[in-house]
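Listed below are the residues making up each chain.
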Amino acid sequence: MEDKFGLLCISEGKTVCVPLLGVRCDVTVEDFIAQIELTQCFHNAEDKTVEALYRFPVDQASSVCGFSATFDDGSVVTARVKEKEEAKKEYDEATKAGKQAQLLTEERPDVFSITVGNLPPKSSVKITVTLVTTLKAEGVASKLLIPTSIAPRYNPLGSSAVPPVPVSATVFYSLDVTVKYSTRSPIKDISSPTHAATLKESHAGKAGEAAFRGVTMDRDLVVLCEEIDAHAPRACLEVSEDGSIAGLVSLCPQVEFRDLEREFIFIVDRSGSMQESFDGGYGGEGKTQIDYASEALLLFLRALPETCSFNIISFGSHFESLFPTSQPYSDSTLEQATKLAQAMRADFGGTEILQPLQHALAEKSSWFGEGGSAREKQVFILTDGQVSNEAAVFDLVRKRAGTASSKTRVFSVGVGRSVSHHLVEGIARAGKGTACFVTGGADLRTKVLGQLKQALQPGLDAVTVAWNFPSTPKPTTPTPATATAPLPAATSEKPKPTSTIRTLLGYVSPSLNAAASPKEGGGVPPLHGKVRTFPSVAPPVFSGERFLSLALFEASCKEFSESVTITAVSPDGPLVVTLPLTDEEVFKGTIAHRLAAREAIREFEDWNGGTQRGRGRRWSGGAAGASDSSEVISEAEALALALHHSLASARTSFLAVRETPPLREGPASEPAALRVVPQFGAPEPEAHKYMMRGAAPQMMPQMQMAMPCRGAAMGGAASG
């Protein structure tokens, strides 16, 4: 038998050379902002030149902002951002000329690929990808998410699919992760609900470290860091080398009102992929995703107020409703719903998510609350999110629930080890709701009851963010004491007190004890024409959820804001908080610029990925009025932002070319052999088995083409 050297993958009894040695992730967290360096080492153990293709997931909130290649001789080539078509053309030309080249491309908003061209025999190259992201609040902790796996995506008829890659039940590369924390208050605890067994952590004061070694990349990694004074409000300004200014404001509001009468609709994913076990595999021992979805639904049902109405929709290749229309909450209806939840199985076939959503969002509420007004509809969708038509889903939810006049909100619950955060968070963002993720049983009750409480509270979605300018401009450069500080720097001083009226940081409504009449918003400050905030429409305010708004200042603006005012219209009138911008909160750097630019691009891509076309319009700075400020940016501006701030996007890619020495002179006599890095996953026949279970006959050919494999680890392809 022929010996094979280097990293090997055993797939269906065959031994195959694999050009990936391992993956390392180094994370630096300061306050609630993380910079991530993802390093992959490729080695060609063969006797011929190869081209390696590696797909990997990223958190949908991340900005991919750096890419470099380090070669055996220690030389480093830093990649440049180019328009996608131009980058691909230059990559092809370089590899044909015998040069080593590397190309990083966005395949989906949460899936990227790296192509390593002309990797010589017996040589290595180390690829480093840099990302920046913000951390979400989860209770009193900040949550860091590191996606390590890409589940296969169900591809509905008429949708495009990402090409599949080989998978194997055994791969020998793994992930090492190191997270270093620098916080604003002393750390209480560092934990991981997903990888507790492999976590080694230490902390003292405001510094901490979490380390994971040899992580099997079959589930996403979550790290929680709890501080004594968690989620303190903060506003910052950042000045780049060219003098441009970006801003960032973050707070976790604490508000409480009287719960309202609601209509609830629960949409539960019962497709074949929900049969996956949290411990890996399908149909094996341990709880499955459908088990956790059932438990979550039971918790929702038992906690509903007696004054509500509700319905349950099960979906897969088709959908079924428990009741023809929503019914009043009673002992009888609760009993019927409980029996359904307890008997749920993942036996509905494929994941056709649009039809049940259309049905739930199309119906007008026939139930009325106090004063004779229709009850607001609260839709909850429980899913693993393994679909490929996210843009159409966002488009539908935005039209039916995302408008200012809509009386419907959509909340999402992600269930599974490899849940699509892009879909789950995108649904909640489009539907003015919140998203939560079930990673095991320990925190299920807390998350479900917390999200239900949010749905019972009034919607605070009329929110403005105003950057207030002084009459006398401040200097346009940071003071020497802060000029070299990274954003955001941990500070030994506590934040200075904020100015409040009826505040977002601790308001309890009198309506908790007595009914209150809704009051006009009034007094909402207009947006300053010199600043563009992102997202262009401020996100809703939810108690305990991080509210984050980013800003890019007009190029001609050389003055600093002195404070930021966030105003949310509530049933009791405006809730306002003003955060001061002191000299200690002015930094030099590019992180806030890149986060703001990526948020603007993400918003454009969300809107223009579906049927909403032509909505983007170019911002002209001070000439824009308040109405213009809520417009999504144009395609030209999205491209310009990505190029200017060095961001990978749907329209831009990173390209690195090693100009010297070429592997060979002149055109290649034959192309390099393609080596696609295989991924962790179940054998192919098992994948077909679970995906086909209960599928409608007319869907099978499409599903077979789109779903040839169960799953893919970090570096794996989504198959549609």
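As a reminder, the structure under discussion sits directly above these lines.
A quick note: this is a predicted structure, and the numbers were derived from the prediction, not measured. (Residues numbered from 1 in each chain as written. Predicted model: local features only at pLDDT ≥ 70, side-chain atom pairs only at ≥ 80, totals over all residues. Heavy atoms only, no water.)

1. Considerations on the overall build of the protein chain
Here is step 1: Across its full length, the protein chain carries 11 helices and 42 strands.
Here is step 2: Within the span of the protein chain, comprising 720 residues, buried residues form 58% of the whole.
Here is step 3: Excluding contacts between residues fewer than 6 apart, the proportion of contacts in the protein chain whose partners are at least 24 apart in sequence is 78%.
Here is step 4: On the protein chain, roughly 28,000 Å² of surface is accessible, and the fraction owed to carbon and sulfur atoms is 53%. (Helix = DSSP H or I, 4+ residues; strand = E, 2+ residues; numbered from the N terminus. Buried < 20%, exposed > 50% of the residue type's maximum accessible area, 1.4 Å probe, protein only. Contact = heavy atoms within 4.5 Å. Areas by Shrake-Rupley, 256 points an atom, 1.4 Å probe, with all protein chains shown as cover.)

2. A closer look at the environment of F42
Here is step 1: Relative to the elements of secondary structure, F42 occurs in strand β4 (residues 33–43).
Here is step 2: Overall, F42 belongs to the buried group, its relative accessible area being 0%.
Here is step 3: Considered as a pair, F42 and G22 are 20 residues apart in the sequence and their alpha carbons are 7.8 Å apart.

3. Let's talk about the packing of aromatic side chains
The relation between two aromatic rings is expressed through the spacing of the ring centres and the mutual angle of the planes.
Here is step 1: Across all of its chains, the model carries 15 aromatic pairs by this definition.
Here is step 2: Three or more aromatic residues joined by ring pairs form one cluster here, namely F264, F266, F300, F380, F411 and F542.
Here is step 3: Across the ring face of F469, the terminal group of K530 is positioned such that the distance to the ring centre comes to 5.5 Å.
Here is step 4: When the ring centre of F71 is taken as reference, the NZ or CZ atom of R658 above it lies at 4.2 Å. (Phe/Tyr/Trp six-rings, centres within 6.5 Å; stacked < 30°, edge-to-face > 60°. Lys NZ or Arg CZ within 6 Å of the ring centre and 35° of its normal.)

4. Details of helix α8 (residues 591–608)
One turn of the α-helix equals 3.6 residues, which is why residues spaced by three or four share an orientation.
Here is step 1: Between its first and last C-alpha, α8 extends 26 Å over 18 residues, near the 26 Å set by a 1.5 Å rise per residue.
Here is step 2: Summarising burial for α8: 17 of the 18 residues are buried, a large majority. (Expected span 1.5 Å × (residues − 1).)

5. Topic: the nonpolar core
One broad trend across soluble globular proteins is that nonpolar side chains are buried collectively.
Here is step 1: Counting 51 residues, the largest nonpolar core has L104 and V129 as its most contacted members.
Here is step 2: A per-element tally of this core places strand β3 (residues 20–30) first, with five residues.
Here is step 3: The residues contacting V129, other than those within four sequence positions of it, are I36, E37, L38, Q40, F56, V64, G66, F67, L104 and I114. (Core = buried A, V, L, I, M, F, W, Y, C linked by side-chain atoms within 4.5 Å.)

6. Concerning the sheet that holds strand β20 (residues 221–227)
Here is step 1: Pairing is antiparallel in the open sheet, where four strands are placed in the order β12-β13-β20-β17. This sheet does not close on itself; its edge strands, each paired only once, are β12 (136–138) and β17 (187–191). Between one strand axis and the next, the sheet turns by 30 degrees as a mean value, whatever way the strands run.
Here is step 2: Both strand β13 (residues 141–146) and β20 contribute to a ladder of six bridges, which runs antiparallel. The partner of L144 across the bridge, within β20, is V223. (Pairing = 2+ DSSP bridges. Axes fitted to C-alpha atoms, helices over the stretch in contact; angles between N-to-C directions.)

7. Focus: the pairing of strand β35 (residues 547–553)
Here is step 1: Most of β35 is tucked away, with seven of its seven residues classed as buried.
Here is step 2: Neither face of β35 is exposed, since F547, S549, A551 and F553 on one face and L548, L550 and L552 on the opposite face are all buried.
Here is step 3: With six bridges joining them, strand β22 (residues 245–251) and β35 adopt antiparallel strand pairing. Looking across to β35, one finds that G247 is bridged to A551.
Here is step 4: When strand β34 (residues 531–534) meets β35, the two strands line up antiparallel, connected through four bridges. Within β35, the residue paired with R532 across the bridge is L552.

8. Description of the pattern of salt bridges
Here is step 1: Inspection of the entire model under this criterion finds 31 salt bridges.
Here is step 2: For the salt bridge of E138 with K143, the shortest nitrogen-to-oxygen distance reads 3.8 Å.
Here is step 3: Judged by relative accessible area, E138 falls into the partly exposed class, the value being 23%.
Here is step 4: Note that R651 is salt-bridged to E635, the shortest N-O span being 3.2 Å. With R651 in the loop between α9 (635–644) and β39 (652–658) and E635 in helix α9, this residue pair connects regions lying 16 residues apart in the sequence.
Here is step 5: Accessibility expressed as a relative area gives 27% for R651, which makes it partly exposed.
Here is step 6: A relative accessible area of 47% means that E635 is categorised as partly exposed.
Here is step 7: The structure contains a network of salt bridges with shared partners spanning D31, R184, R234 and E585. (Salt bridge = Lys/Arg side-chain N within 4 Å of Asp/Glu carboxyl O.)

9. A word on the packing of α8 against α9
Here is step 1: In the contact formed by α8 and α9, the axes pass within 9 Å of each other and the chain directions differ by 145 degrees. Crossing hand, α8 versus α9: left-handed. In this structure, α8 uses A597, A600, I601 and F604 to contact α9, whose residues at the interface are E635, A638, L641 and A642.
Here is step 2: Taken together, the residues of the contact of α8 with α9 sort by class into seven nonpolar, no polar and one charged. (Left-handed = near helix turned anticlockwise from the far one by under 90°. Nonpolar A, V, L, I, M, F, W, Y, C, P; charged D, E, K, R; others polar.)

10. A look at the side chain of E605
Here is step 1: Assignment of secondary structure puts E605 in helix α8.
Here is step 2: Among all residues touching E605, those that are not within four sequence positions of it are E106, R598, S649, A650 and R651.

11. Re the environment of P671
Here is step 1: Counting through the fold element by element, P671 comes out in the loop between β39 and β40 (673–676).
Here is step 2: With relative accessibility at 70%, the residue P671 sits in the exposed group.
Here is step 3: With 553 residues separating them in the primary sequence, P671 and N118 have C-alpha atoms 8.8 Å apart.

12. A word on the sheet that holds strand β6 (residues 63–71)
Sheet strands line up and pair through hydrogen bonds in the backbone, either parallel or antiparallel.
Here is step 1: Taking strand neighbours across the sheet as the criterion, the eight strands line up as β7-β6-β11-β4-β3-β16-β19-β18 in an open arrangement whose pairing is mixed. At either margin of the open sheet sits one strand with a lone partner, and together these are β7 (76–78) and β18 (199–204). This sheet shows a mean twist of 15 degrees between the axes of neighbouring strands, independent of strand direction.
Here is step 2: In terms of strand pairing, strand β16 (residues 175–182) meets strand β19 (residues 207–215) through seven bridges, oriented antiparallel. By the bridge assignment for β19, V179 is matched with A210.

13. Concerning helix α3 (residues 331–342)
Here is step 1: Spanning 12 residues, α3 covers 16 Å between terminal C-alpha atoms, matching the ideal 16 Å at 1.5 Å per step.
Here is step 2: If you check which residues of α3 are buried, you get T333, L334, A337, T338 and A341. Taken down its axis, α3 places every buried residue within 135 degrees of arc, on the same side. Exposed residues on α3 whose side chains face more than 90 degrees from its buried face are D331 and K339.
Here is step 3: Summarising the contacts, the buried residues of α3 are in contact with α2 (289–303), β25 (309–315) and β27 (327–328). (Arc of directions from axis to C-beta.)

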